[in-house]
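Topology and contacts: notes
Single-letter residue listing:
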Amino acid sequence: GAKYMDVLELGGMSRKGYQLIQNDKVGTYTNNGVTFTIQEDGGVRLNGTASGGNALMVISSISASGTITGSVNKDIPSGITIGIKDASWNVKCEIDSTLNPRTTELGNFVATQAWVRVSNGVSVNCTIYPMYEKGSVAHPYEPYTPNLIDTKVDDVDKFDEEMLKQITTGACISCTGTLVE
């Protein structure tokens, strides 16, 4: 096998795929008459009639800046809007039945959450698959793929064959040192 020498640093975070919506709020929630079921695959099941105001649910954390494109896997029924916002509820890149996909230049704006809104009085019974990604091209829906490696190796004895396999998949952000046979 290979011998690993002088590995000084390995670390950082990597994400495979295009999807920025992290799908970290899996579960069922109800707001103003609409039940939002956030599924393991990133889909959002909507069921009910929004009453007493717009039904709104934060569906995920998201970290995005620069140019992004938002899209949904199919036509969005009228009365449903998907968007991203920062911590102060400054809203950017909303997608609805007339704007799907939509590309927005965020600049230094940093989005922190993705949300779905059902307008007051609208009845829904559907599953949508929202997607936000960097750049100006809308790719087919894919679920979020978490980091493959998030570690730092200070000790050469901890740098083993399994870690090398992870690095060769493109999960390494930075690696300094020498790898020899």
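Refer to the structure presented above.
Below: a short report on this structure. For every chain, the first residue of the written sequence is number 1, and numbering continues from 1 along that sequence. Whole-chain, interface and lining totals are the exception, using all residues; otherwise, since this is a predicted model, local features are given only for residues with pLDDT of at least 70 and side-chain atom pairs are given and counted only at 80 or more. Here the side-chain values reflect all heavy atoms present in the structure, with hydrogen atoms and water set aside.

Digging into the overall build of the protein chain
Put simply, DSSP marks the helices as runs of H or I at least four residues long and the strands as runs of E at least two long, and each gets a number from the N terminus on. Helix and strand content of the protein chain: one helix and 13 strands. Going residue by residue from the N terminus, the α and β elements of the protein chain occur as β-β-β-β-β-β-β-β-β-β-β-β-α-β. Burial status across the protein chain gives 37% buried among its 181 residues. Of the accessible surface of the protein chain, which amounts to about 9300 Å², a share of 47% is contributed by carbon and sulfur atoms. Note on exposure labels: buried denotes an accessible area under 20% of the residue type's maximum, exposed denotes more than 50%, and partly exposed covers the range between, all computed with a 1.4 Å probe on protein chains only. For the area figures, the Shrake-Rupley method with a 1.4 Å probe applies, and any residue is considered shielded solely by the protein chains shown.

Notes on the sheet that holds strand β12 (residues 130-134)
Judged by pairing direction, the sheet is antiparallel, and its three strands sit side by side in the order β9-β6-β12 without closing on themselves. Every interior strand has two partners, whereas the edge strands, β9 (102-105) and β12, have only one. On average, adjacent strands in this sheet sit at an angle of 20° to one another, irrespective of strand direction. Strands were regarded as paired on the criterion that DSSP finds at least two bridges between them. Sheet analysis places strand β6 (residues 67-72) next to β12, joined by five bridges and oriented antiparallel. Bridging from a neighbouring strand, Gly70 pairs with Tyr132 of β12. Only C-alpha atoms enter the line fits that serve as axes; for helices the fit covers just the stretch in contact. Angles between N-to-C directions range over 0 to 180 degrees.

With respect to unusual backbone geometry
Note on backbone geometry: most residues besides glycine have negative phi, and most peptide bonds are trans. Pro101 follows Asn100 through a cis peptide bond whose omega is 0°. In this structure, Pro101 sits in the loop between β8 (91-95) and β9. For Asn32, which is not a glycine, the phi torsion comes out positive at approximately 45°. On the secondary structure map, Asn32 appears in the loop between β2 (27-31) and β3 (34-38). You can call Asn32 partly exposed: its relative accessible area is 30%. Backbone geometry at Trp89 places phi at a positive 65°, although glycine is not the residue there. One can find Trp89 in the loop between β7 (80-85) and β8. The exposure class of Trp89 is partly exposed, given its relative accessible area of 40%.

Observations regarding the side chain of Thr81
Looking at where Thr81 falls in the secondary structure, it is placed in strand β7. Contact definition: two residues touch when any of their heavy atoms are within 4.5 Å. The residues contacting Thr81, other than those within four sequence positions of it, are Glu94, Ile95, Asp96, Trp115, Val116 and Arg117.

Focus: the environment of Glu142
Relative to the assigned elements, Glu142 resides in the loop between β12 and α1 (161-171). Glu142 sits in the partly exposed class, given a relative accessible area of 21%. Taking the C-alpha atoms as reference points, Glu142 and Tyr18, separated by 124 residues in sequence, lie 7.5 Å from one another. With residues near it in sequence (within four places) discarded, Glu142 still touches Gly17, Tyr18, Gln19 and Met131.

Overview of the sheet that holds β7
The four strands are arranged β5-β10-β7-β8 in an open sheet whose pairing can be described as antiparallel. Both outer strands of the open sheet, β5 (55-64) and β8, are each paired with one neighbouring strand and no more. Averaged over all neighbouring strand pairs, the angle between strand axes comes to 25°, with direction disregarded. Judged from the six bridges that link them, β7 and strand β10 (residues 111-118) form a sheet pairing that is antiparallel. Across the sheet, the residue bridging to Gly83 is Trp115, located in β10.

Here we look at the nonpolar core
In summary, soluble globular proteins display a tendency toward joint burial of nonpolar side chains. Throughout this description, the term nonpolar core refers to a set of buried Ala, Val, Leu, Ile, Met, Phe, Trp, Tyr and Cys residues connected via side-chain atoms within 4.5 Å. Core analysis: the biggest nonpolar cluster contains 32 residues, and Phe36, Leu46, Ile80, Ile84, Val118, Ile128 and Tyr132 have the highest contact counts within it. At the level of elements, β3, β4 (44-49), β5, β6, β7, β8, β10 and β11 (123-128) are the ones that each hand at least two residues to this core. Of all the elements, β5 adds the most residues to this core, at five residues.

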